[in-house]
Each structure stands twice: as C-alpha cells, then as structure tokens.
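Chain residues, written in single-letter form:
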Amino acid sequence: AELFAVRGGTDDSRDGGAVMIEATYVLTVDDLVDAGKEGYGDDRSITRFRAQWLAVGIGMIAIVLTQKPSALYWLMLLGMFFIWIAIAYPGRRLRDHFQKSVTNEQIVAQIDEAGVTTASSTSRTEIRWEGFRLMLDTRLTLTLLTIGNTMLVFPKRAFTEQSREEFRRLVIEKGIPSKTR
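Reading the values: rules and limits
- Residue indices follow the written sequence of each chain, beginning from 1 at its first position.
- Local features in a predicted model are, by the rule used here, given only for residues with pLDDT of at least 70; side-chain atom pairs are given and counted only at 80 or more, and totals for whole chains, interfaces and linings are based on all residues.
- Excluding hydrogens and water, the side-chain values take into account all heavy atoms of the structure.
- By the criteria applied, helices consist of DSSP H or I runs no shorter than four residues and strands consist of E runs no shorter than two, each listed in order from the N terminus.
- Using a 1.4 Å probe, the Shrake-Rupley method yields the accessible areas, and only the shown protein chains count as cover for residues.
- One requirement defines pairing of two strands: DSSP has to find at least two bridges between them.
- Geometry is summarised by axes, namely lines fitted to C-alpha atoms with helices restricted to the contacting stretch, and by angles between N-to-C directions that run from 0 to 180 degrees.
- Expected span of a helix, by definition, is 1.5 Å for each gap between consecutive residues, and there is one gap fewer than residues.
- Throughout this description, buried means an accessible area under 20% of the type-specific maximum (1.4 Å probe, protein chains only), exposed means over 50%, and partly exposed covers the range between.
- Here the arc refers to the directions that run from the helix axis out to each C-beta atom.
- Contact between two residues is taken to exist if any of their heavy atoms lie within 4.5 Å; hydrogens are not considered.
- Confidence scores labelled pLDDT are given residue by residue by the predictor and lie between 0 and 100.
- Pairing of aromatic side chains requires ring centres within 6.5 Å, counting the rings of Phe and Tyr and the six-membered ring of Trp. Pairs whose planes differ by under 30 degrees are stacked, by over 60 edge-to-face, and all others tilted.

Notes on the overall build of the protein chain
Stage number 1. Assigned secondary structure in the protein chain consists of five helices and eight strands.
Stage number 2. When the helices and strands of the protein chain are listed from N to C terminus, the series reads β-α-α-α-α-β-β-β-β-β-β-α-β.
Stage number 3. Looking at the protein chain as shown, the accessible area adds up to about 10400 Å², and 59% of this sits on carbon and sulfur atoms.

See the structure below:
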C-alpha cells in the first residue's frame, strides 16, 4: 500500500509532530538485490577480492602456456574457473543471501527533519540524519547507507512522486551525498 502524509500534531510520536513523510511497504527480494548490487558493488573489499581471483586465474593460465607440453594443462581449466568467478557478478549468491532477509512484514517508515524511523511487528529502528553517509537512488529503491554500513531500503513503489521528491530534497538539505544509478 502506498501512503504519503505531511503531518503534524500531538498524535505523532517523533519530535512533537514533525513526521513529514510516511511510507508503508513490504520489502521483496528484488528490492534488496537492486539496492545491494549498487550499495556493495563498488565496495573496495569486493573489488579487491575479484581482482585477486582474476590475477590468480590469468597467472595459472600463463604458467601453463609458457611451459613445455606437460600434465599441467588441467590447470588451465582451474584458471578459467577463477577468471569466471572474478568476472561473473555474484547475482545468484546475492539473491540467495537477501532471500533470507525477506520476512513479508509490513514496514512503516517515518521520515522527518530529525531522521528516519522504521517499524515492523518485530523491530523498530531510529537513525538521525548524522548517522547516514550516502543515499542510493536505484531503479527500484531509495536506499540510505549508514556510517555502520547498514542499508535502509525503501521501495520507490511505497512513495508517490511528490513524496519521493520531498525525500530527495530532505537528503540534500541534510548534506548526505546521493548516487543515482
């Protein structure tokens, strides 16, 4: 369900009625994969890991090709396997990883001048704007990354066009860099 509210009043739970945007949604694995690919795809440790596998694979093939004919030719297959691991994006593994996080719980997000609150039947999270380091604007989601490298994923379908623009404006106003894909 989509819900947009510019609110104020004594019934609001945060900062004396400062809730500006409220969105209700259920996360899907596609939402998480979309955000995860962008959020962790440029992570230096992942890039370094992939570069190491690529170097090992190329090195193994180079060693075999520079040797006289020998029984080491089977290492070419292993080298090609390492290159494949480095080049192929781990989409399937990412999907399997995020599938475990899909709980089908309804989540209510409140976004205001103070920060972001998300609540479901099993948890509640409040993060002030100072706790965010980046917003990712992907095809399916608006995702906030915290300084602790946690993702808060908001499906775009949970917002009206007006509320998405208000969210983006607030992120810019709070000095959080944005990355659009």
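Brief notes about the sheet that holds strand β8 (residues 178-180)
Stage number 1. Ordered by their spatial adjacency, four strands build an open sheet running β7-β6-β5-β8, and the pairing between neighbours is mixed. Each having just a single partner strand, β7 (151-155) and β8 make up the two edges of the open sheet. Along the sheet, successive strands turn relative to each other by an average axial angle of 15 degrees, direction set aside.
Stage number 2. As judged from the five bridges shared by strand β6 (residues 141-146) and β7, these two strands associate in the antiparallel manner. Its bridge partner being in β7, Thr-141 is matched across the sheet by Pro-155.

Looking at helix α5 (residues 161-173)
Stage number 1. In a regular helix each residue adds 1.5 Å, so 13 residues correspond to 18 Å; α5 covers 18 Å between its end C-alpha atoms and thus fits that length.
Stage number 2. Every buried residue of α5 is accounted for by Ser-163, Arg-164, Phe-167, Arg-168, Leu-170 and Val-171. The arc that holds the buried residues of α5, viewed along the axis, is 160 degrees, so those residues lie on one side. Relative to its buried face, α5 has exposed residues pointing more than 90 degrees away, namely Gln-162 and Ile-172.

Considering the environment of Thr-125
Stage number 1. Mapped onto the elements, Thr-125 comes out in strand β4 (residues 124-128).
Stage number 2. For Thr-125, a relative accessible area of 29% gives the class partly exposed.
Stage number 3. As for Thr-125 and Leu-152, which are separated by 27 residues in sequence, their C-alpha atoms are 9.7 Å apart.
Stage number 4. The residues touching Thr-125, leaving out its near neighbours within four places in the chain, are Val-116, Thr-117 and Thr-118.

Observations regarding the pairing of strand β2 (residues 107-112)
Stage number 1. Of all six residues that make up β2, five are buried, and the element is covered over most of its length.
Stage number 2. Of the strand pairs in this sheet, β2 and strand β3 (residues 115-119) are connected by four bridges, and their pairing is antiparallel. Its bridge partner being in β3, Val-108 is matched across the sheet by Ala-119.

With respect to the confidence of the model for the protein chain
Any residue range with low pLDDT should be treated as having predicted coordinates unsuitable for detailed reading.
Stage number 1. In the predicted model, the protein chain carries a mean pLDDT of 83, and the fraction of residues at 70 or more is 83%.
Stage number 2. Per-element mean pLDDT across the protein chain ranges from 77 in helix α4 (residues 91-99) up to 96 in β3.
Stage number 3. Low pLDDT, under 50, characterises residues 1-14; the predicted model gives this stretch 40 contacts beyond four residues in sequence or across chains.

A word on the packing of aromatic side chains
Stage number 1. Counted by the stated rule, this structure contains eight aromatic pairs.
Stage number 2. With 6.4 Å between their ring centres and 70 degrees between their planes, Phe-154 and Phe-159 make a pair best called edge-to-face. Neither Phe-154 nor Phe-159 differs from the other in exposure class; each is buried.
Stage number 3. Each residue in the set Tyr-25, Phe-154, Phe-159 and Phe-167 is aromatic and connected to the rest through ring pairs, giving one cluster.

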